[in-house]
Amino acid sequence: MSAIDRVTALRDQLAGHVYDLNAGEFIRYRPEANDDAVLVVVRSVVAEGGEGCEAFRRGLDSDEVDTLRLFGMRRTLLARRLSSLGPIYEALDAFALLPGINEVPWDSWVKGAFFVSRSLGGDLASMERRFVDLHPEAIARCHVAVDAMDRVSELSQCHLVEVTTNYGIGFVDTLVFQGKPTLGLWGAPRQADNVLTYRPTTNLAQLCASLADALDASGEVTTGPIGQDQLSATSFSQTTPGSYLPVLGCLSFVATDVASSALTAFVAELPSAAEDDEDPDIHFDATALATAASEIDGQVAVADASRVILLSPQPSFDEEIDVEIDVHAFEDVARTALLEPTAR
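Everything numeric in this text was worked out from a predicted model, so none of it was measured. (Residues numbered from 1 in each chain as written. Predicted model: local features only at pLDDT ≥ 70, side-chain atom pairs only at ≥ 80, totals over all residues. Heavy atoms only, no water.)

A. Seen up close, the nonpolar core. Of all hydrophobic cores here, the largest spans 57 residues; its most connected members are Phe56, Leu68, Leu92, Phe95, Phe114 and Phe131. Sorting elements by how many residues they give to this core places helix H4 (residues 62–82) first, with eight residues. Once you skip the residues sitting within four places of it in the chain, Phe114 turns out to touch Leu92, Leu124, Met127, Ala145, Val146 and Met149. (Core = buried A, V, L, I, M, F, W, Y, C linked by side-chain atoms within 4.5 Å. Buried < 20%, exposed > 50% of the residue type's maximum accessible area, 1.4 Å probe, protein only. Helix = DSSP H or I, 4+ residues; strand = E, 2+ residues; numbered from the N terminus. Contact = heavy atoms within 4.5 Å.)

The structure is reproduced here in structure tokens:
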């Protein structure tokens, strides 16, 4: 079999291993059998050398690019969870196989991989050389990323925030991809191009994970991956500059029932007046916000002293789905989640 035939076969093999939506969950990280299959492809392509890697890249479609990118992201988190350099090399190899320079998540996950590597005693210079050997066109951009690490002292400077839940160590990605408001990679909610704040004083990630798990356990809905988000002021009958409420952090996920009706769950921590760096004169009471949100038809919200959970039905444009999900059925689930001791 020629090198081209081997690379083509590997590309076909990758195409057969598309990740499930929830593989993009970096807070409730779970083992994924698909990782092993993609790892075999990555290792085999790298073994073909630079020319093989280039031939492999040229034939990738968008789904295969997404698979490689997600594999690299998952491997970066796994390296941190295991305190192991091995997954870092695997992550960077996957990123190096992405066809376009702009398709590589340089400012978040690549720098995050370098940060984790450095914390484990890894040699960034050798990693840079390996990356460039696999993707020579990326030489300038890779050098910029490695050089920038001299000015990086915290993981959050890589637009990744480490969190800990009952699932272990996870990451919150605070860098929002460019483009109009839409659902981002793997369904995690994304907003306009921006870097969102995530510095809650409570374990907001645990609260969101507990809520999602409780909704799954109800048997009424299935939840998707948790991602960074913002609180729209209109959801609370409020008007603020920029259309979003100030928060210390906001996470969300989508839950879908058997009829394909869906709700979005928002979990946010509000700043006190003293904590609001943007405008300390604008301060919102969590309980009052929850009351206002619940008065809007179809929504329900609950709150404690500083945190709000909002359950909001998603509009459906499918003519076959004529009934919105009843979010009030999950109000007690949300209230119970707020009482979770580990989320304090």
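That covers the picture; the talk isn't over yet.
B. Seen up close, the pairing of strand S9 (residues 300–303). In this structure, S9 lies alongside strand S10 (residues 307–313), joined through four bridges in antiparallel fashion. Looking at S10, one finds that Val302 is bridged to Ile309. Remark: three residues form the turn of the hairpin made by S9 and S10, two consecutive strands paired antiparallel. (Pairing = 2+ DSSP bridges.)

C. Representation of H4 within the structure. Look at H4: 30 Å from first C-alpha to last across 21 residues, which is about the 30 Å you get at 1.5 Å a residue. The opening residue of H4, the one whose side-chain oxygen lies 3.2 Å from the backbone nitrogen of Asp63, is Asp61. Where H4 ends, the next residue or the one after it, Ser83, has phi of about 50°, a positive value. (Expected span 1.5 Å × (residues − 1). Polar contact = N/O pair within 3.5 Å; in protein donor to acceptor, adjacent residues only side chain to side chain.)

D. Highlighting unusual backbone geometry. Of note in the backbone geometry, His159 takes a positive phi value of approximately 65° without being a glycine. Phi at Ser260 takes a positive value of approximately 75°, unusual for a residue other than glycine. Residue classification places Ser260 among the partly exposed positions, given a relative accessible area of 48%.

E. Just the packing of aromatic side chains, in detail. Tallied over the entire structure, the rule returns three aromatic pairs. Each ring, one from Phe26 and one from Trp109, has its centre 4.8 Å from the other, and the planes form 45°; the classification is tilted. Of this pair, Phe26 sits in the loop between helix H1 (3–15) and helix H2 (34–47) while Trp109 sits in helix H6 (residues 106–119), and the two are 83 residues apart along the sequence. Taking the relative accessible area as the measure of exposure, Phe26 reaches 8% and is therefore buried. Since its relative accessible area comes to 0%, Trp109 is described here as buried. Aromatic side chains Trp109 and Phe171 sit 5.8 Å apart centroid to centroid with 55° between the ring planes, which places their arrangement in the tilted category. Of the two residues, Trp109 is situated in helix H6 and Phe171 in strand S2 (residues 168–173); the sequence distance between them amounts to 62 residues. What makes Phe171 buried here is its relative accessible area of 2%. Members of the aromatic cluster, each reached through a chain of ring pairs, are Phe26, Trp109 and Phe171. (Phe/Tyr/Trp six-rings, centres within 6.5 Å; stacked < 30°, edge-to-face > 60°.)

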